[in-house]
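Fold and geometry: a report
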Amino acid sequence: MRLHSLMGLVEDMDEEKLTWKQKLVRFFNRESVAGVVCSLPFIIGFLAFMVVPMVLSLFYSFTDYSIVASPQWVGLKNYITMFTDDPLFWQSLWVTLLFAVISVPLKLGFALAVALLLQRQTRLTGFYRIAYYLPSILGGSVAVAILWRRMFAQDGVINSVLGLFGINSHFSWLGDPRTAIWTLITLSVWQFGSSMLIFLAALKQIPTELYEAASMDGAGSWRRFKDITMPLLTPTIFFNLIMQMISGFLAFTQCYIITQGKPLNTTLFYMVHMYNTSFTYYQAGYGAAMAWVMLLIVGVFTLLLFATKRFWVYEEKMK
Amino acid sequence: MDTLKSILDSFSYSHQSVMILSLRKGGSALAVCNLFIDKRRQVAKGAKVTFMRRAFAIVASIGFLCSVSACGQSTQTSADGEHLTIAWWGSQDRNDKQAQVDKLFEKENPGVKIDGQFSQYSDYWQKLATGASGDQMPDIIAMDSPYFSQYADNDLLIDLQPYVDAGTLDLSEVSKATVDAGRSEEGNLYAVSSGLNAPALMYDKTLLDSLGITIPKNWTWDDFIDICREVYEASGVKTNAGYYRDVFVLQYLLRGEGKELFKNGQLNVTDESQIEPYFAMFQKGIDEGWHLDPTVFTEISLSAINQDPLIAYSDAAHRSWCNFGWSNSLPSLQSLVTNGDKLALTTWPSSNIKKSNYVHPSMYWAITKNCKNPELAARWIDFYVNNAQANKIMGTDRGVPINNKMYAVIKEGLGESDLTAIEYLRKVVEPNSSTISAPMPEKSSQINSSIMPSVQEEILYKRLDAKQAAEKFISQASAALNR
């Protein structure tokens with residue numbers, strides 16, 4: 001068996017005459033071995049941090065597991081309790097849905113609008129791009145979450161700015177059950193940077209010939225946007241929509257740091273409820289069951305989005 | 001050397017597969033990079049880009065492999081021979097003091113290295129639980145009564161009795177009641193209190209004096225409500241009647257009537273009329289305007305003592321004249337006062353103070369089953385309890401020292417508020433109190449951290465009246481205990 005070798009030194013020798021060093025070299029130069037070795041970092045990481053924890057969590061979801069004691073098999077009890085006897089499950093699910101359904105389209109709208117503005121090349125474009133991208137880097141951080149709480153406090157910046165316009169408000173944005181969720185939605189919309197960058201990249205991919213041809217035919221700027229930019233952007237919008245929807249369902253930090261679900265659980269995200277159940281109430285089995293239900297929900301939503309794909313996402317026909 | 005080279009070569013040989021993997025992870029990062037690289041330049045410098053990619057792939061893979069193997073090494077958090085990890089919860093003040101004590105122990109025991117780990121109360125228990133499930137708990141942990149049964153009954157703590165018998169851990173100067181508070185139902189000694197404290201209402205004495213209001217000695221809940229109303233009417237300052245808190249106040253109230261909140265792992269209250277007065281107090285407070293608006297609490301971190309409405313606000317609408325807490329927190333609250341007011345403390349109100357009140361051996365030290373050198377850990381606890389210098393450093397931070405002789409030792413050099421806290425425990429509580437209730441049942445943490453706070457919240461937001469609140473509390477709490 002002659003195998004291709006990059007070293008070229010050991011190629012012509014007989015298998016038996018090789019020293020162990022040369023055998024090793026030859027072994028590592030086999031294409032299949034090299035492939036496995038190169039993928040090893042991923043395979044190890046995937047097994048250790050994805051597969052094993054997921055299998056374990058599936059097992060735990062059928063147990064009563066208080067973390068400090070060993071798990072007890074209880075069958076479907078956790079799932080039954082969740083759907084029949086846990087008002088907070090439904091409340092948090094509703095809050096999360098509301099959050100995702102409102103904040104994601106708003107965020108994408110902002111991202112697209114800003115991307116269109118920043119598309120033009122000027123001397124300061126680079127600066128603006130970075131400036132608008134910064135919130136998404138900072139946005140998930142604890143510091144910004146705390147800042148947000150201060151801004152919307154009764155004596156915070158928002159009320160002071162309103163005061164400048166003659167509205168003397170001591171309204172508690174975070175304390176009122178009707179507005180608290182909106183402070184979190186605003187925070188999420190403010191972090192439109194990463195979607196914006198993806199939109200920018202996609203805008204640059206659109207061939208300028210199309211615009212030139214359209215102009216020649218007398219299309220105005222709105223027409224060019226509607227009939228060229230938008231259709232060619234739909235695959236990117238679709239991608240952003242799916243990514244943002246998933247991260248919307250899995251939102252955690254904002255609620256955990258800013259509101260802790262207060263007031264009256266109107267800002268209690270599903271993930272925070274799950275986290276509290278597992279680590280504060282020590283019901284990790286129940287928490288694991290909640291995680292699997294969320295996985296199903298996200299899966300269903302993603303499937304639904306894919307099902308609508310052929311109605312609105314433009315795909316170039318291969319010839 | 002050749003082998004290494006061939007490995008490296010094979011890395012670069014199939015760098016494309018690695019790139020695909022890293023692409024998946026860093027999809028958006030790459031999109032960002034592309035934005036800033038002009039396309040034409042990219043084509044012109046194609047060769048260079050390929051080289052960079054190759055280099056990147058190699059560095060990335062090696063880095064990843066190293067980080068994976070590093071994971072395996074860092075699991076050894078627990079003690080080898082001369083190394084102790086100690087975890088507790090607390091404020092910055094406590095952490096500084098604790099660090100001094102640990103240094104002192106290291107000095108007196110050359111070769112011993114102590115690693116202190118601290119967090120805020122709620123984070124502490126989350127961290128500890130994950131440590132317990134991964135068999136990686138610190139050697140010595142701070143323990144609290146609501147969690148005691150959970151850890152003791154699941155064999156996560158070791159019995160300290162052998163070390164007491166061997167003389168390593170000397171508890172001869174500690175009262176029997178205090179020692180027994182650290183025993184499980186079977187009588188095993190799992191924890192040693194790090195200080196004694198008692199339920200205490202901290203209040204702004206300067207404010208009350210200026211309004212000419214005094215708190216009667218054996219005051220009832222009606223007296224409390226009257227004072228709240230008077231303070232509010234005279235100054236606009238409101239009341240925080242233990243809002244968004246655990247069940248300790250309710251338990252205290254029931255003790256005054258000779259009842260217990262929990263018995264045999266179950267809720268001992270079945271009739272909502274028994275606990276309705278407690279919730280009625282909140283309802284009255286919000287209806288009459290003297291209770292703090294619940295919105296105030298959405299803007300602060302409840303577990304951070306420096307944001308407590310008693311000391312953190314200067315405007316009347318956000319300020320509370322009192323705080324339902326524990327006697328040992330007086331010094332740190334006093335140190336955080338900014339307007340120069342003097343704080344004082346008194347008992348929580350009750351229909352019968354003697355029945356309600358109790359000395360609370362608190363913030364226990366326990367040694368976990370993950371500890372590799374329990375003998376050294378026991379010696380550390382002994383040092384904490386019996387060493388004069390250590391006691392001097394800690395002062396009354398975790399309460400009055402459990403070692404009866406240490407009281408005299410630490411007395412000199414203590415601040416005024418420390419002395420007030422000690423006097424309160426020794427002169428007010430000790431002679432006029434009853435035995436502490438049994439530790440709360442294993443599944444009570446949900447009641448303490450979620451059910452009770454949200455029921456109080458719903459009253460203050462006027463979604464429930466006192467009767468409905470009592471009903472809701474009973475049904476949810478018993479469900480949680482039986483889940």
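Structure shown above.
Residues numbered from 1 in each chain as written. Chains lettered and ligands numbered in written order. Predicted model: local features only at pLDDT ≥ 70, side-chain atom pairs only at ≥ 80, totals over all residues. Heavy atoms only, no water.

1. Things to note about the overall build of chain B
Summing up its helical and strand segments, chain B has 23 helices and 11 strands in all. In chain B, buried positions account for 53% of the 483 residues. Here the contacts in chain B between residues at least 6 apart in sequence split such that 76% fall between residues at least 24 apart. Total accessible area on chain B stands at roughly 20800 Å², and carbon and sulfur atoms take up 52% of it. (Helix = DSSP H or I, 4+ residues; strand = E, 2+ residues; numbered from the N terminus. Buried < 20%, exposed > 50% of the residue type's maximum accessible area, 1.4 Å probe, protein only. Contact = heavy atoms within 4.5 Å. Areas by Shrake-Rupley, 256 points an atom, 1.4 Å probe, with all protein chains shown as cover.)

2. A short note on the overall build of chain A
Within chain A, the secondary structure is distributed over 14 helices and two strands. Across chain A, every contact between residues at least 6 apart in sequence was considered, and the portion connecting residues at least 24 apart equals 64%. About 17300 Å² of surface is accessible on chain A, with carbon and sulfur atoms providing 69% of the total.

3. A closer look at empty space enclosed by the protein
What the rule picks out here adds up to five cavities of 30 Å³ or more. Estimated volume of the largest cavity: approximately 120 Å³. Considering the residues around the largest cavity, the lining is formed by Thr63, Asp64, Tyr65, Val74, Lys77, Asn78, Thr81, Gln283, Gly285 and Tyr286 of chain A together with Lys443 and Arg483 of chain B. Take the lining of the largest cavity: its biggest share by element is three residues, from helix 3 (residues 77-85) of chain A. Residue composition of the lining of the largest cavity, by class: three nonpolar, five polar and four charged. For the second largest cavity, the calculated volume is near 90 Å³. Together, Ser193, Ser194, Tyr384, Val385, Asn391, Met394, Gly395, Arg398, Gly399, Pro401, Ile402 and Asn403 of chain B line the second largest cavity. Counting residues per element, the ones that place at least two in the lining of the second largest cavity are helix 18 (374-386) and helix 19 (388-394) of chain B. Looking at the lining of the second largest cavity, its residues break down into five nonpolar, six polar and one charged. (1 Å grid on protein atoms, 1.4 Å probe; cavity = no way out; pocket = protein on both sides within 12 Å on 5 of 7 lines; lining within 4 Å. Points joined across faces, edges and corners; volume = space filled by probe spheres on them. Nonpolar A, V, L, I, M, F, W, Y, C, P; charged D, E, K, R; others polar.)

4. Digging into the pairing of strand 9 (residues 343-346) of chain B
Residue and element names in this part refer to chain B. Side chains Leu343 and Leu345 of strand 9 all project onto a buried face; the interleaved residues Ala344 and Thr346 project onto the opposite face, where all are buried too. With four bridges joining them, strand 5 (residues 199-204) and strand 9 adopt antiparallel strand pairing. Along strand 9, the bridge assignment pairs Asp204 with Leu343. (Pairing = 2+ DSSP bridges.)

5. A short note on the packing of aromatic side chains
Using the criterion set out here, one finds 57 aromatic pairs over all chains in the structure. Aromatic pair Phe252 of chain A and Tyr275 of chain A: ring centres 5.2 Å apart, planes at 70°, arrangement edge-to-face. Taken together, the residues Phe252 of chain A in the loop between helix 11 (221-249) and helix 12 (253-259) and Tyr275 of chain A in helix 13 (residues 270-280) connect sequence positions 23 residues apart. Look at Phe252 of chain A and you get partly exposed, because its relative accessible area is 25%. Accessibility expressed as a relative area gives 24% for Tyr275 of chain A, which makes it partly exposed. A connected cluster of aromatic rings, assembled from ring pairs, spans Tyr203, Trp219, Trp221, Phe224, Phe248, Tyr252, Trp321, Phe324, Trp326, Trp348 and Tyr358 of chain B. In this structure, Lys262 of chain A packs its charged tip against the face of Tyr244 of chain B, placed 4.6 Å from the ring centre. Just above the ring of Tyr407 of chain B sits the side chain of Arg426 of chain B; from NZ or CZ to the centre is 4.5 Å. (Phe/Tyr/Trp six-rings, centres within 6.5 Å; stacked < 30°, edge-to-face > 60°. Lys NZ or Arg CZ within 6 Å of the ring centre and 35° of its normal.)

6. Here's the deal with the sheet that holds strand 1 (residues 83-89) of chain B
Residues and elements named next belong to chain B. Strand order in this open sheet of four strands is 2-1-3-11, and the pairing throughout is mixed. Single-partner strands in this sheet number two, and they are strand 2 (113-119) and strand 11 (364-367). Across the sheet, the mean angle from the axis of one strand to that of its neighbour is 25°, orientation sign disregarded. Sheet topology note: the strand 1/strand 2 ladder contains seven bridges and is parallel. Each residue of the ladder has a partner; that of Trp88, found in strand 2, is Phe118. Across the sheet, helix 6 (residues 92-108) touches strand 1, strand 2 and strand 11, and the angle it forms with strand 1 is around 160°. (Axes fitted to C-alpha atoms, helices over the stretch in contact; angles between N-to-C directions.)

7. A short note on the side chain of Glu457 of chain B
When you line up the elements, Glu457 of chain B lands in helix 22 (residues 445-460). Summary of buried charges: Glu457 of chain B has no salt-bridge partner, and the nearest side chain of opposite charge, Lys262 of chain A, is 6.5 Å away. If sequence neighbours within four positions are ignored, Glu457 of chain B has contacts with Lys262, Pro263, Leu264 and Asn265 of chain A together with Tyr243 and Tyr244 of chain B. (Lys, Arg positive; Asp, Glu negative; His and termini not counted. Salt bridge = Lys/Arg side-chain N within 4 Å of Asp/Glu carboxyl O.)

8. A look at a nonpolar patch on the surface
Residues and elements named next belong to chain A. Together, Val36, Leu40, Phe42, Ile43, Ile44, Phe46, Leu47, Phe49, Met50, Met54 and Leu295 line one region of the surface with nonpolar side chains, adding up to about 920 Å² of accessible area. Per element, the largest residue contribution to the nonpolar patch is 10 residues, and it comes from helix 2 (residues 31-60). Residue Phe46 is classed as partly exposed on the basis of its relative accessible area of 37%. (Patch = residues over 30% accessible without salt bridge, like charges linked within 9 Å, V, L, I, M, F, W, Y side chains within 5 Å.)

9. Structural notes on helix 11 of chain A
For helix 11 of chain A, with 29 residues, the first-to-last C-alpha span of 36 Å runs short of the 42 Å given by 1.5 Å per residue. Remark: the principal bend of helix 11 of chain A, roughly 45°, maps to Thr234 of chain A, with a proline, Pro235 of chain A, within the next four residues. (Expected span 1.5 Å × (residues − 1). Bend = angle between axes of the 7 residues up to and from the residue.)

10. Some details on the environment of Met363 of chain B
Residues and elements named next belong to chain B. Tracing the backbone through its elements, the reader meets Met363 in the loop between strand 10 (360-362) and strand 11. Take Met363: its relative accessible area is 8%, and that puts it in the buried class. With 220 residues separating them in the primary sequence, Met363 and Met143 have C-alpha atoms 5.5 Å apart. When neighbours within four sequence positions are excluded, Met363 is seen to be in contact with Trp89, Arg94, Met143, Asp144, Val192, Ser193, Ser194, Asn197, Asn328 and Arg398.

11. Comments concerning a negative patch on the surface
All names here are of chain B. Taken together, the side chains of Asp153, Asp155, Glu185 and Glu186 define an acidic patch exposed on the protein surface. Along the chain, Asp155 falls in the loop between helix 8 (145-152) and helix 9 (161-165). Note on Asp155: relative accessible area 54%, which makes it exposed. (Charge placed at Lys NZ, Arg CZ, Asp CG, Glu CD.)

12. Digging into the nonpolar core
Ranked by internal contacts, the top residues of the largest apolar core, which has 81 residues, are Trp125, Tyr151, Trp365, Trp380 and Ile381 of chain B. Here the element with the most residues in this core is helix 18 of chain B; it accounts for eight residues. The residues that make up this core include at least three from each of domain 2 (83-197 + 360-411) and domain 3 (199-357 + 436-482) of chain B. Each residue touching Trp125 of chain B, except ones within four places of it in the same chain, is listed here: Tyr282 of chain A together with Trp89, Ala142, Met143, Asp144, Tyr147 and Tyr151 of chain B. (Core = buried A, V, L, I, M, F, W, Y, C linked by side-chain atoms within 4.5 Å. Domains from an automatic or database assignment.)

13. Details of the environment of Trp365 of chain B
Relative to the helices and strands, Trp365 of chain B is located in strand 11. In sequence terms Trp365 of chain B and Ile381 of chain B are 16 residues apart; their C-alpha atoms lie 7.2 Å from each other.

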